[in-house]
Amino acid sequence: MGSEAMKINLKVWRQPNSKAEGKFETYQLNEVSPDMSFLEMFDVLNEQLITDGGEPVAFDHDCREGICGMCSMFINGRPHGPKQGITTCQLHMRSFKDGDTIVVEPWRAQSFPVIKDLSVDRSAFDRIIASGGFVSVNTGNAVDANSILIPKDTADEAFAAATCIGCGACVAACKNSSAMLFVSAKVSQLSLLPQGKAERENRVIAMVDQMDKEGFGSCTNTGACSAECPKEIDLSNIARMNREYVRAKLVSK
Amino acid sequence: MSNKLDSKTPAGPLAEKWTQYRSTVPLVNPANKRNLEVIVVGTGLAGASAAATLAELGYKVKAFCFQDSPRRAHSIAAQGGINAAKNYQNDGDSVYRLFYDTIKGGDYRAREGNVYRLAEVSVNIIDQCVAQGVPFAREYGGTLSNRSFGGTQVQRTFYAAGQTGQQLLLGAYSALERQVGLGNVKMYARHEMLDVVTIDGKARGIIARNLVSGKLERHFGHAVLLCTGGYGNVFYLSTNAMGSNVTAAWKAHRKGAYFGNPCFTQIHPTCIPVSGHYQSKLTLMSESLRNDGRIWVPKQIDDKRHPNDIPEEERDYYLERRYPAFGNLVPRDIASRAAKERCDAGYGVGPSKMAVYLDFAYNLKNKYGRAEASKLGIDNPDDATLLRLGREVVKEKYGNLFDMYKQITNEDPYEVPMRIYPAVHYTMGGLWVDYELMTTVPGLYALGEANFSDHGANRLGASALMQGLADGYFVAPYTVGSYLSKEIHTKPINTDHEAFVQAEQAVQARLDQFLQVKGTKSVESYHRELGLIMWDKCGMARSEAGLKNAIQEIRALRDDFYKNVRVPGGQFEFNPELDKAGRVADFLELGELMCLDALDRNESCGGHFREEYQTEDGEALRDDEAYRYVAAWEYKGGSDWSLHKEALEYENIKIAQRSYK
Ligand SMILES: Cc1cc2nc3c(=O)[nH]c(=O)nc-3n(C[C@H](O)[C@H](O)[C@H](O)COP(=O)(O)OP(=O)(O)OC[C@H]3O[C@@H](n4cnc5c(N)ncnc54)[C@H](O)[C@@H]3O)c2cc1C
Ligand code: SF4
Ligand code: FES
């Protein structure tokens with residue numbers, strides 16, 4: 001679909017490391033193809049910076065097909081940019097116009113400190129999973145897979161929650177930097193399935209405690225998280241987690 | 001020398017080897033396990049499952065990955081599914097059949113004992129994953145659902161929509177994080193292993209670089225497991241994630257581990273074609289699409305018409321023409337070569353002319369549309385109705401892939417045929433390992449795609465996920481235990497030991513070297529150039545002259561790299577360019593070995609096609625007399641390697657020429 005090359009102005013957040021102060025730098029790209037992905041445009045920018053003796057922009061990415069959850073750019077005030085249901089790496093330049101100025105920042109949240117430029121530290125998410133986001137079953141303990149029957153609807157619902165890619169856009173989108181959508185997706189998946197039932201109470205309490213310890217903010221139900229989530233994780237997961245939490249507190253005291 | 005290549009396959013009947021091994025393997029008592037330390041590099045399916053399982057058993061584990069979280073390993077991207085010989089569909093599947101299909105699909109270049117074990121433990125994998133809460137697709141009755149894959153005759157593929165790899169990896173990751181929480185695994189994310197440390201000939205640790213601070217670290221282990229994935233990115237463009245690389249395996253190779261069948265590469269037939277010079281990676285369109293899409297090119301060279309304006313009789317359904325028995329469902333290597341042949345002959349389509357059509361219109365209308373119409377009792381439906389009804393069914397099956405295609409190309413595959421072209425996808429080659437998954441360096445193991453594996457010269461679809469989890473959950477925990485049972489008297493070695501010091505100095509020198517060149521060309525530009533050489537001369541078709549030429553070109557490029565590369569920034573900072581420089585430098589060495597291996601193998605088999613060795617009608621011509629061996633290369637320094645051969649014996653399978661006509 002070879003269409004006309006575009007001129008794009010970029011205002012990019014540059015910050016040498018977590019302790020340094022950051023600021024915006026402006027760059028101009030003259031030959032942006034509409035078929036390029038957003039990250040390929042950054043490749044072109046970096047190539048240009050390197051050959052001109054400058055410092056390339058650091059950003060996280062790996063799979064470049066919307067599944068690893070590594071890419072994380074805050075574009076014109078929205079995590080993963082203007083389009084619904086996709087990650088930064090799936091955004092194409094045809095979503096912008098010739099002459100556009102695009103502002104690119106890292107995820108901003110106290111619990112996701114900037115490492116450099118557009119890269120942040122999301123290890124808090126791993127610690128939340130380590131606190132309870134699993135079924136305690138050692139290798140070799142399993143029964144035959146088909147001896148656990150799970151109605152298709154339940155399986156589908158658990159799957160929908162399980163598609164979270166752990167990108168952190170929900171946190172970046174939320175004015176309180178709440179991690180409720182991420183945590184509730186895992187809690188939902190495992191509380192819906194029979195395999196997760198045995199640890200249901202401990203899990204939700206431990207994960208919520210860890211979430212608080214990491215300094216994520218509280219949820220005020222604005223729904224920004226779900227609206228910006230590239231996997232469109234549903235808000236009902238948060239409601240389910242709240243119910244699970246209340247129930248667990250009642251059962252466990 | 002060649003007894004280093006003893007596969008250590010246990011004696012006895014094929015079906016009893018693994019049971020026999022497991023029940024006689026020496027064990028380590030729980031108290032001793034606590035004092036034994038294991039390093040696991042990589043947290044994809046192979047690494048995460050191995051690290052979790054070893055920690056559950058009681059060993060002290062350290063795990064490493066270069067991404068910011070273990071959950072992001074490249075395994076996450078696998079789409080289609082995972083095979084297992086469960087025979088839940090009662091369609092005649094069995095451990096033996098899966099074993100047989102894998103050996104045959106691999107064009108008779110894999111080891112019988114390993115492959116049989118893989119098929120055997122495949123059933124335990126599904127049980128384990130379900131117990132962890134992996135949400136596989138299910139039927140209304142609540143049982144697990146299966147699909148067919150890769151041209152086999154049974155339905156043995158388990159899946160979770162188009163995200164099977166993601167769900168399996170998140171299962172293994174949660175098991176891993178559970179052990180992290182319990183304090184049994186120490187996780188080092190954003191760390192890159194840059195060398196193996198050997199003491200008295202045994203692997204005793206690694207040198208790793210903290211990618212955030214840039215500092216080098218020394219880590220001791222009684223054993224080291226490399227679960228670091230494949231090296232398809234040597235071709236620059238591939239379906240692999242951007243960070244996938246050969247560095248860990250290559251460092252091990254330079255420290256004495258033989259490299260097995262480096263030239264065996266899988267080129268996947270259905271990927272979205274290259275769209276411009278800025279292209280950074282290629283996107284796979286799952287093989288399952290070939291169940292319903294018909295592949296064609298125009299009969300006329302350089303036909304400029306819109307595909308929908310080309311009448312039926314002017315289309316060449318070349319796979320159906322050449323392979324009437326299997327048609328569009330021939331194995332990957334065959335489908336890829338046939339696409340290349342048509343495009344090279346000038347029949348390619350799209351702006352680049354390097355693409356063929358994958359067209360769903362016929363089945364939308366005739367298969368699904370008609371079936372729906374008859375379900376709904378619509379007599380004599382018109383074309384529009386058929387298309388509308390068919391579209392609903394196809395959407396349910398492949399909706400996410402169609403959306404992904406549209407997102408990338410801006411074309412709607414429900415209306416216009418997809419354009420596809422083959423792309424590098426998987427590497428069957430890797431570190432040579434024996435039955436215990438140990439490399440030729442004692443105490444150094446390779447699991448998952450990083451080893452030369454069970455797939456011979458061509459891997460069947462949905463078998464890589466199976467192998468990664470088989471190795472990590474069910475094989476390595478026994479075989480590594482067997483080695484460690486002899487190490488209980490080895491006290492942890494202090495990392496002040498001179499072997500650690502020397503290894504660290506060498507790594508440091510190399511980092512300094514990259515930073516000191518201060519040239520003008522980006523690392524990326526070298527990678528891209530290497531990719532072009534590899535793709536043209538060591539890709540889908542290889543020839544003696546081309547390979548010899550490629551070796552010269554790679555050497556020249558490598559020299560140029562050390563003279564003119566520019567690696568900005570410094571060592572002690574977050575510096576992705578420096579990380580990439582090391583990876584590309586290793587690819588520049590690996591590329592040469594791949595060409596050498598391809599040059600040595602004077603036959604065509606599986607993914608390896610030498611133009612000189614083909615039948616009259618252009619099919620691969622295998623030479624079982626001369627080449628029925630695993631090529632295991634020993635590094636001798638510089639551009640010098642020596643070849644060791646592990647002969648492949650087939651006691652349970654009759655070797656035959658593959659035919660899909
Ligand atoms: C797009 C795509 C789709 C696929 N679909 C399927 C499918 O449907 N079915 C199927 O069976 N197979 C499929 N495959 C193949 C399969 O996904 C891979 O072969 C498999 O996942 C590899 O797993 P692994 O654990 O060996 O390595 P990986 O998942 O690649 O993990 C490698 C790990 O090693 C780490 N690492 C690497 N080098 C270093 C280093 N130097 N230091 C520290 N850490 C390091 C990485 O951080 C990562 O954690 C697909 C592949 C692709 C590309
Ligand atoms: S819930 Fe959505 S936005 Fe949040 S981490 Fe998961 S995928 Fe990303
Ligand atoms: S790079 Fe993997 S989701 Fe974007």
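How each quantity is defined
- One numbering rule holds for all chains: residues counted from 1, following each sequence as written.
- Labels are handed out in written order, letters beginning with A for the chains and numbers beginning with 1 for the ligands.
- Residues qualify for local features only when their pLDDT is at least 70, as the model is predicted, and side-chain atom pairs are given and counted only at 80 or more; totals for whole chains, interfaces and linings, by contrast, use all residues.
- Calculation of side-chain values draws on the structure's entire complement of heavy atoms; hydrogens and water are dropped beforehand.
- For the purposes of this analysis, a disulfide is any pair of cysteine sulfur atoms at a distance within 2.5 Å.
- Burial here depends on accessible area, computed with a 1.4 Å probe over protein chains only, as a share of the maximum for the residue type. Under 20% is buried, over 50% is exposed, and the range in between is partly exposed.
- For every domain, the bounds stem from an assignment made automatically or drawn from a database.
- Only heavy atoms enter the contact rule, under which two residues are in contact if any of them lie within 4.5 Å.
- A simple way to read buried area is as the amount of 1.4 Å-probe accessible surface that goes missing from two parts once joined, with both sides added.
- Under the DSSP-based scheme used, a helix requires at least four consecutive residues in state H or I and a strand at least two consecutive residues in state E, with every element numbered from the N terminus.
- Given a helix with a known number of residues, its expected span is that number minus one, times 1.5 Å.
- A residue's bend is given by the angle between axes fitted to the 7 residues ending at it and the 7 residues starting at it.
- Salt bridges are defined by distance alone: a side-chain nitrogen of Lys or Arg within 4 Å of a carboxyl oxygen of Asp or Glu.
- Space inside and on the surface of the protein is sampled on a 1 Å grid over the protein atoms alone, with a cavity defined as a set of points where a 1.4 Å probe fits but cannot get out and a pocket as an open set with protein on both sides within 12 Å along at least 5 of 7 lines; lining residues have an atom within 4 Å of a point.
- Grid points are joined across faces, edges and corners, and a volume is the space filled by probe spheres set on the points.

Q: Lay out the state of the cysteines with the relevant residues and their values.
A: All names here are of chain B. Under the defined criterion, the tally for this structure stands at 0 disulfides over all chains. In this structure Cys271 is a free cysteine whose sulfur lies 13 Å from that of Cys343, the closest cysteine sulfur available. Take Cys271: its relative accessible area is 0%, and that puts it in the buried class.

Q: Describe the domain arrangement of chain A, listing the residues and the values that go with them.
A: In many analyses, interface size is given as the accessible surface area lost on bringing the parts together. All names here are of chain A. For chain A, the domain assignment lists domain 1 (6-105) and domain 2 (123-251). Centre-to-centre separation of domain 1 and domain 2, based on C-alpha positions: 30 Å. Taken together, the contact between domain 1 and domain 2 spans 13 residues of the former and 12 residues of the latter. Here domain 1 packs against domain 2, burying approximately 930 Å² in sum over the two surfaces, 51% of which is carbon and sulfur.

Q: Got a sec to walk through helix 5 (residues 112-132) of chain B? Specific residues and values, please.
A: Residue and element names in this part refer to chain B. With 21 residues, helix 5 extends 31 Å from end C-alpha to end C-alpha; this agrees with the ideal 30 Å at 1.5 Å per step. Maximum bend of helix 5: about 35°, positioned at Val121. Of all the 21 residues making up helix 5, 19 are buried; the element is thus mostly covered by neighbouring parts of the structure.

Q: Provide a residue-level description of the pattern of salt bridges, including the pertinent values.
A: All names here are of chain A. Under the defined criterion, the tally for this structure stands at 74 salt bridges over all chains. With a shortest N-O distance of 3.2 Å, Asp117 and Arg14 are connected by a salt bridge. Taken together, the residues Asp117 in the loop between strand 6 (114-116) and strand 7 (119-120) and Arg14 in strand 1 (residues 6-14) connect sequence positions 103 residues apart. Since its relative accessible area comes to 2%, Asp117 is described here as buried.

Q: Tell me about the layout of surface pockets, residues and numbers included.
A: Of the volumes computed, that of the second largest pocket is approximately 890 Å³. In terms of lining, the second largest pocket is formed by 50 residues, of which the most central are A:His61, B:Glu524, B:Pro576, B:Glu577 and B:Lys580. In terms of residue count, the dominant contributor to the lining of the second largest pocket is helix 16 (residues 576-600) of chain B (7 residues).

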